[in-house]
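Chain by chain, the residues:
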2 protein chains.
Amino acid sequence: MPKVSKKELIIYHARESFSKNGYELTTLEAIAKECSITKPAIYYHFKDKATLYKAVVCPEFTAIALKIKENTQMGTPTKRLENYIKTFGEFLISNPSFSAIFAREIANGASSMPDECIEQLSRTIGQLISILNDGESAKTFTKEPPFLIQMMIVTTLTSYNTAQPLREKISQYMQNKATQAEPNFHNIIDALSQKIIKGLLC
Amino acid sequence: MPKVSKKELIIYHARESFSKNGYELTTLEAIAKECSITKPAIYYHFKDKATLYKAVVCPEFTAIALKIKENTQMGTPTKRLENYIKTFGEFLISNPSFSAIFAREIANGASSMPDECIEQLSRTIGQLISILNDGESAKTFTKEPPFLIQMMIVTTLTSYNTAQPLREKISQYMQNKATQAEPNFHNIIDALSQKIIKGLLC
DNA sequence: CCTTACTTACTAAACGGTAAGTAAATTATA
DNA sequence: TATAATTTACTTACCGTTTAGTAAGTAAGG
C-alpha cells in the first residue's frame, strides 16, 4: 500500500502532464482532476505553476547527477565513459517522463530551467569533462569539444524516446523498405555507447 | 530592394516567433505587430494559426530534403554520409530558425507536424538508409539501427544550436575548469561527422 | 480555538477567431 | 472612355473560451 502524500500525488500527475503535453498545454485544472481534488488545492501546496514545475523537474536532475557521479568514478576512461552513457540511458528507462521534459528544455534553450537544475547539469558535464580529459592524458581519447559529446549522448537518447511516434509515422511512408523490428532501448544505449567510444579512440 | 509580398512578410515574422517562443507562446497579435498590420489581416491570408505554422515549416522540410538528395547521390558510402551530415549542418547555418522548430517537433513527438513534412523527412531518412545499406554491402560500415544514426546527426546538431544559452549558463558554474573558446559551428559539424563515420567503420 | 487541508465561487487577462465595414485597385459595361 | 460593379486587402470592434490565480468559507483534527 503506497502511502503517498497528496503533495507527492500532485507532483506525480504534474510530471505526467508536463511530460506528455509540455508546460504551456498543461493546465492545473487537469492535474487537479487527476488527483481528484480542485485547482485551488494545488495552490495550497504550491505557490504557482512555475513552482510546481520546479518541484517536478529538480528531483530528476538531482537524481541523475548523483547516479552519474556514483557510477563514473572508477576504472579506465573508456569504462567510465561507457558507464556515463549507460547510467544516463538507464535513468531514462526508469524515469519515463524525463526524456520529453529534458528534450523540451534543450529545445527552449533552457530558458525556463530552474537554476538548481542547471547547477546539477553542470556537475554532470563536469564529470564528463574529467573523463574526457583523463582519456586524453592517457592517450586513449582524441581531444573533442565536451559539449558536443554531451549533446551526442543526451539529446540522442532523449530524442530517440520522444521521437517514437514520429518513427511510427515515418515507417508508414516507407512501404518499400523492409520494416525491420524496432530495437529495444537497451540495445540503442549499447549501440550508441559503442559508436561514441569508437569515435573517440585514438 | 527586396520586393516581398505581405504574405511572405507574415511568414517571415511567424517563423522568427515560432522559432524563438514555440507554437503556444507565439501570438498572432505579436506577429501582426512585427508586420505593422492587424491580427485579422493575418486571417485574410491564412485560415488559422495552424495553417500559418504549416506555411512556415513545410518549405524548410522540403528544402532540406531536396538538398540532402542532391548532395548524397554520388561517391563512396563514406563520402555520401559525410555529405549527408554536412549538408544538414550547413542547412542549419543558413536557416537559423530551423533548429529550434525542429528540436521542439522532435521533443513533442511530432504531434503537430504536418503530414507533408513527415513525408519529406521520410525521404531524407530513406536516403540515409540507402547510404548505410550500401556501406554495409561494401563492408565499410557495420550494421546499425538507421534511426539511431539519424538521431545522432540531426538532434545533436539542432540541439547544439538551441542549447547555446544553456552552455553559457553552465559555464558560469564552471569557474574552476578552464573556459576554452567555444568552437564555431562549422568545426562542430566536422567533428560530429568524423566521430560518426569513425564509429560506423568496420 | 486554532491550524490544516481543502472547496465553492469568482476575477482578470490573454488569445484565437469572427463580423462588418472600407479604401483602393481592378475589371466589366455602356 | 467614363462609370458602375466587383474584388482585394485590409481595419475596427467585438465575442467566447480558456486559464492562472484569489477571496472567502468550511469541515476535521489537535
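The structure this text deals with has already been given above.
Here goes a summary of the coordinates provided. Treat the numbers as computed from the prediction; the structure is a model and nothing was measured.

Mapping chain B onto chain A leaves a residual RMSD of 0.0 Å; the transformation is a rotation of 180 degrees accompanied by 0.0 Å of translation along its axis. Both copies of the chain, as the preceding transformation shows, are related through a two-fold rotation axis. Ranked by how close their C-alpha atoms come to the rotation axis, the residues of chain B are headed by G199 of chain B, at 2.3 Å.

The next point concerns the interface of chain B and chain A. Between chain B and chain A, the residue contacts involve 53 residues of the former and 53 residues of the latter. If you look at where chain B meets chain A, you find 2 salt bridges. Its salt-bridge partner being E144 of chain B, residue K195 of chain A comes within 2.6 Å of it at the nearest N-O pair. The interface formed by chain B and chain A includes 12 residue pairs in polar contact (both at pLDDT 80 or more). Elements with a minimum of two residues in the side of chain B that touches chain A: helix 1 (6–25), helix 6 (98–107), helix 7 (115–137), helix 8 (146–162), helix 9 (164–172) and helix 10 (185–200) of chain B. Ranked by the residues each element gives to the side of chain B that touches chain A, the list is headed by helix 8 of chain B, at 10 residues. Its residues assigned to classes, the side of chain B that touches chain A shows 31 nonpolar, 12 polar and 10 charged.

Residues and elements named next belong to chain A. Inspection of every chain in the model, using the stated rule, returns 20 aromatic pairs over all chains. Relative to F98, the ring of F61 lies with its centre 5.1 Å away and its plane at 70 degrees, an arrangement referred to as edge-to-face. Of this pair, F61 sits in helix 4 (residues 49–71) while F98 sits in helix 6 (residues 98–107), and the two are 37 residues apart along the sequence. F98 shares its class with F61; the two are buried.

What counts and what doesn't
- Residues numbered from 1 in each chain as written.
- Chains lettered and ligands numbered in written order.
- Predicted model: local features only at pLDDT ≥ 70, side-chain atom pairs only at ≥ 80, totals over all residues.
- Heavy atoms only, no water.
- Least-squares fit on C-alpha atoms with pLDDT ≥ 70 in both.
- Contact = heavy atoms within 4.5 Å.
- Salt bridge = Lys/Arg side-chain N within 4 Å of Asp/Glu carboxyl O.
- Polar contact = N/O pair within 3.5 Å; in protein donor to acceptor, adjacent residues only side chain to side chain.
- Helix = DSSP H or I, 4+ residues; strand = E, 2+ residues; numbered from the N terminus.
- Nonpolar A, V, L, I, M, F, W, Y, C, P; charged D, E, K, R; others polar.
- Phe/Tyr/Trp six-rings, centres within 6.5 Å; stacked < 30°, edge-to-face > 60°.
- Buried < 20%, exposed > 50% of the residue type's maximum accessible area, 1.4 Å probe, protein only.

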